[in-house]
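Reading the structure
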Amino acid sequence: MTASAPLILAFGDSLVAGYGLATADGFAAQLEHLLSAAHPGARVINAGVAGNTTADALRRLPRVLARLQVRPDLAIIQLGPNDVLRQVPPSSTLANLEAILVEFGRCGAPVLLTTIMPPPLLAKRAAPYADIQQALAKLHGATTWPFFPAGVLGHRDMVLADRVHPNGKAIAAVVEAMLPAIEGILNVELTR
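Residues numbered from 1 in each chain as written. Predicted model: local features only at pLDDT ≥ 70, side-chain atom pairs only at ≥ 80, totals over all residues. Heavy atoms only, no water.

In terms of nonpolar packing, the biggest core is built from 30 residues, with Ile8, Phe27, Leu31, Leu35, Ile76 and Ile182 touching the most fellow members. Those elements giving two or more residues to this core turn out to be strand S1 (7-12), helix H1 (14-17), helix H2 (27-35), strand S3 (74-78) and helix H8 (168-189). Not counting the four nearest positions on each side in its chain, Leu35 is found in contact with Ile8, Ala42, Val44, Leu179, Ile182, Glu183 and Leu186. With 25 residues, the next largest nonpolar core counts Val84, Ile100, Tyr129 and Leu136 among its residues. (Core = buried A, V, L, I, M, F, W, Y, C linked by side-chain atoms within 4.5 Å. Buried < 20%, exposed > 50% of the residue type's maximum accessible area, 1.4 Å probe, protein only. Helix = DSSP H or I, 4+ residues; strand = E, 2+ residues; numbered from the N terminus. Contact = heavy atoms within 4.5 Å.)

The subject of this paragraph is the pattern of salt bridges. In this structure the tally under the stated criterion is four salt bridges. Across the pair Asp56 and Arg59 runs a salt bridge, and its minimum N-O distance is 2.6 Å. On the criterion of helical spacing, the pair formed by Asp56 and Arg59 is a turn pair, its members being three residues apart in helix H3 (residues 54-67). Owing to a relative accessible area of 22%, Asp56 belongs among the partly exposed residues under this scheme. What makes Arg59 exposed here is its relative accessible area of 55%. The residue Arg106 makes a salt bridge to Glu103 at a minimum N-O spacing of 2.8 Å. (Salt bridge = Lys/Arg side-chain N within 4 Å of Asp/Glu carboxyl O.)

A positive phi angle, near 55 degrees, is found at Gln87, a position not held by glycine. Phi angles above zero are rare outside glycine, and Arg163 is one such case at about 65 degrees. Relative to the assigned elements, Arg163 resides in the loop between strand S5 (143-146) and H8.

On to the sheet that holds strand S2 (residues 43-48), then. Taking strand neighbours across the sheet as the criterion, the five strands line up as S2-S1-S3-S4-S5 in an open arrangement whose pairing is parallel. Either end of the sheet is taken by a strand with one partner, and the two such strands are S2 and S5. Averaged over all pairs of adjacent strands, the angle between strand axes in this sheet comes to 20 degrees, irrespective of strand direction. Examined bridge by bridge, S1 and S3 share five bridges and lie parallel to one another. (Pairing = 2+ DSSP bridges. Axes fitted to C-alpha atoms, helices over the stretch in contact; angles between N-to-C directions.)

Here you go:
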């Protein structure tokens, strides 16, 4: 895309897909809206699928990339919680995420790899997965960023009725907190 109209691919699970939300309240739409102030015409493609594990996402990645007309200026990857919930072996999660990062590297797309601090209830179960994103980001030159800013997780007014998935207000906080990191990557990419 051009410097004034970057293309971002949001790739991941229900947090990207906007599970239970109106399209306008989802991650991609809210990010696109905020980006449009500095980048008129910016587009954020929602390539999220609720329930995706890293293996599911890796299997569908070739189809997602084949549908793109141009290389994205940034890929935001949000995956991992479903692996923890389904107790996918951490070694498989690492291998799948690495394969995804390698594929984006082949495309020449920079990556923002999000992380999620597990709630106390899942801390023990999530411990073996704790450093996967940071280790892979360092190895592949990606940026990591927490998906949820402080003050979002664990608050009843920030979730849907299922008490798990974020509501539109929570996603607005996510996008606002993530925007400086996204802008930083875009500023580097769009001046090349």
